[in-house]
There are 2 protein chains.
Amino acid sequence: MAGEEEAVSNKQVIFKDYVSGFPKESDMFLTTTSINLKVPEGSKAVLVKNLYLSCDPYMRGRMSNLPPEDPNFSSFQPGSPIQGFAVAKVVDSGHPDFKKGELVWGVMGWEEYSLVTAPDQRLFKIYHTDVPLSYYTGLLGMPGITAYFGLTDICSPKEGERVYVSAASGAVGQLVGQFAKLMGCYVVGSAGSQEKVELLKDKFGFDEAFNYKEEHDWNAALKRYFPEGIDIYYENVGGKMLDAVLLNMRPHGRIAACGMISQYNLQQPEGVHNLTSIIYKRVKIEGFVSFDYFSQYSKFLDFVVPSIREGKITYVEDIAQGIENAPAALVGLFSGRNVGKQVVAIAHE
Amino acid sequence: MAGEEEAVSNKQVIFKDYVSGFPKESDMFLTTTSINLKVPEGSKAVLVKNLYLSCDPYMRGRMSNLPPEDPNFSSFQPGSPIQGFAVAKVVDSGHPDFKKGELVWGVMGWEEYSLVTAPDQRLFKIYHTDVPLSYYTGLLGMPGITAYFGLTDICSPKEGERVYVSAASGAVGQLVGQFAKLMGCYVVGSAGSQEKVELLKDKFGFDEAFNYKEEHDWNAALKRYFPEGIDIYYENVGGKMLDAVLLNMRPHGRIAACGMISQYNLQQPEGVHNLTSIIYKRVKIEGFVSFDYFSQYSKFLDFVVPSIREGKITYVEDIAQGIENAPAALVGLFSGRNVGKQVVAIAHE
């Protein structure tokens, strides 16, 4: 039969079971199934070939057994593929807006081919292809949206303000620093190796950067780089780093809480002790979720695409090769093994 | 000489030395000096007779040896009178805007008579005298401004939203609850005795109230009163209460951090462990200081004075008698001894 002739093998990365503590490669396993490369007759589904898989810290949350409160943060299904952002090419489509051969990004399974049953809600079309396609997992995808709207909408940076970025060489942090520099801010970042610190200063144009692993007293380090205090803290880390930052915020300072990677693998999160200082300093701490800004994606592109073409924004990626290496790449995020945005290339166009 | 004839005795409450831990009555002492009841020739000072002294939790901060960062939060001067809000009557004035016999409120020394050398910055005139004058240390003074602008400016309450107030029978809390009710919210408060809980429900019209000392599990208590979660938390307490609240906030919830009285007397503040939840819930925590809203005092009066006259707002005060009892009244705040706003009446008009 014709339908059967279209079936091909489909390697998948399966989520084994809920995780507590640090995730391990063995929390996932590879399997090979088969998939029909045609969407079901009469459906509006889209069938894609995945090209790049995105490894992002928020995925750790979905590996826990979560209460079913927020559909954006539901747990992965044990026995089913890991879910994450990916760049893909349309192989077949029952949806009028998506045509065979078009490029898209959105949330897919970790597998060679994915059937996307609700493409309206999950897929963004890729129009600009004069940049590396992998950028749509980072600079031009969810991390870019996170960096831009977290900085602009939550923190309203003004020229001359002092911005501190933790996890600053990561997928989001490197962009926050560069966007803040474009907005005329003084920017300091921290990262976990000398190599990353040099990236921050030499490649991303941060004013200063330091290796948090080599500083015994983060409060003292921040006082050195921000003798007059911090106006804006883009929070990727949480815990003790947040405590040190709170001691160094300026009056009316703003903290955008994007993630707290230092806390994700702890059974009991660290206590934050210096919150009382937010009162007399009139500091705001605000959590946000990038999904809330996806509807403003085109506004973000209007800002960022010209900046990329003019060479004002650069992006560093750490690209693992092959779906077999996806579990190790994801796990590596939590020890800071990646340098820049962690991507997994699994196919060529 | 004429000047000497105007000198009268002036009892003062002197701050002995910087405090760590819980303040004690013996951290203050009474003394009697004399004061000339005329302002210095040619000065713009105002000399007032103090009628009511205000005891407020923020004063604990000024008993510590603070870094000299913010003039609103400088330490008390050992050997000088305690400073705090008071209601007073003008006895003599070199300032064209303040006339003998007028009533004012503002920051004064804890003493029978105070010489106010910068009245422009420190004194508010009292125009409405059909309410108890002591209200200008509470409902119509700093605590009222704190309650109103903290609730409206930081939390933007909408009709039907769910509001939780801790330390709810205190000077600020009782007002936050009543203001939120006027704005159409569902309001629950907590306090530290059965008597206070009854006040909240019977006198202030809170929808529900509970005694936090009788609840072993504050998370469970909040889940009981807020099965669908909390939209607005007016934070007066900090520490473990904040941790329980964070577990119960609704998406896009707002926390106005007005004070954290549970933390003021600790050498090492408690850790807050549940901050990561602000991210996926998009919760905002914002500190604020009532001084920033003093310029909008008349706007507040326009809202609150008609509500008082119409009987829509009530206020409970705990009035100690005599300047000798001021130290005990202040210290009592930190064990929750007061029922309602703590005031000290030291003279009649």
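These figures come from a predicted structure and were not determined experimentally.

1. Considering the overall build of chain A
A tally of helices and strands in chain A yields 11 helices and 15 strands. In terms of overall dimensions, chain A is globule-like: its C-alpha atoms have a radius of gyration of 21 Å, near the 20 Å expected for 349 residues. The buried share of chain A, taken over its 349 residues, is 59%. Long-range contacts, defined here as pairs at least 24 residues apart, represent 70% of the contacts in chain A between residues at least 6 apart. As displayed, chain A offers around 14,100 Å² of accessible surface, 49% of which is attributable to carbon and sulfur atoms.

2. Observations regarding the relation of the copies chain A and chain B
At an RMSD of 0.0 Å, chain A and chain B line up after a rotation of 180° and a shift of 0.0 Å along the axis. Such values leave the two copies arranged in the relation of a two-fold axis. No C-alpha of chain A approaches the rotation axis more nearly than that of Gly271(A), which lies at 1.9 Å. Here 100% of the interface residues in chain A have copies in chain B that are interface residues too; the copies meet face to matching face.

3. Some thoughts on the packing of aromatic side chains
Considering all chains together, one arrives at 58 aromatic pairs over all chains under this definition. Taken together, a centroid distance of 6.1 Å and an interplanar angle of 5° make the contact between Tyr164(A) and Phe210(A) stacked. Here Tyr164(A) is found in strand S8 (residues 162–165), whereas its partner Phe210(A) is found in strand S10 (residues 208–211), with 46 residues between them in sequence. Consider the rings of Phe124(B) and Phe294(B), whose centres lie 5.6 Å apart with planes at 75°: the pair is edge-to-face. Taken together, the residues span a long stretch of sequence, with Phe124(B) in strand S7 (residues 123–125) and Phe294(B) in the loop between strand S13 (284–287) and helix H10 (297–309) at a distance of 170 residues. Both residues of the pair, Phe124(B) and Phe294(B), belong to the buried class. Sitting above the plane of the Phe98(A) ring, Lys125(A) keeps its charged end 5.8 Å from the centroid.

4. Some details on the interface of chain A and chain B
Contact residues are listed per partner, giving 32 residues for chain A and 32 residues for chain B. Together, the buried faces of chain A and chain B total about 2,600 Å²; carbon and sulfur atoms form 62% of this surface. Three residues, His273(A), Ile279(A) and Arg282(A), lead the burial of chain A against chain B; their summed loss comes to 24% of the area buried on that side. Between chain A and chain B we count 2 salt bridges in total. In this structure, Arg282(B) and Asp292(A) form a salt bridge, with 2.7 Å as the shortest nitrogen-oxygen distance. There are 10 residue pairs in polar contact (both at pLDDT 80 or more) connecting chain A and chain B. Of all elements in the fold, only strand S12 (249–257), helix H9 (277–280) and strand S13 (284–287) of chain A reach the threshold of two or more residues within the side of chain A that touches chain B. Of all the elements, S13(A) adds the most residues to the side of chain A that touches chain B, at 4 residues.

Cut-offs applied
- Residues numbered from 1 in each chain as written.
- Chains lettered and ligands numbered in written order.
- Predicted model: local features only at pLDDT ≥ 70, side-chain atom pairs only at ≥ 80, totals over all residues.
- Heavy atoms only, no water.
- Helix = DSSP H or I, 4+ residues; strand = E, 2+ residues; numbered from the N terminus.
- Rg over C-alpha atoms; globule rule 2.2 N^0.38 Å.
- Buried < 20%, exposed > 50% of the residue type's maximum accessible area, 1.4 Å probe, protein only.
- Contact = heavy atoms within 4.5 Å.
- Areas by Shrake-Rupley, 256 points an atom, 1.4 Å probe, with all protein chains shown as cover.
- Least-squares fit on C-alpha atoms with pLDDT ≥ 70 in both.
- Phe/Tyr/Trp six-rings, centres within 6.5 Å; stacked < 30°, edge-to-face > 60°.
- Lys NZ or Arg CZ within 6 Å of the ring centre and 35° of its normal.
- Buried area = accessible area lost by both parts, 1.4 Å probe.
- Salt bridge = Lys/Arg side-chain N within 4 Å of Asp/Glu carboxyl O.
- Polar contact = N/O pair within 3.5 Å; in protein donor to acceptor, adjacent residues only side chain to side chain.

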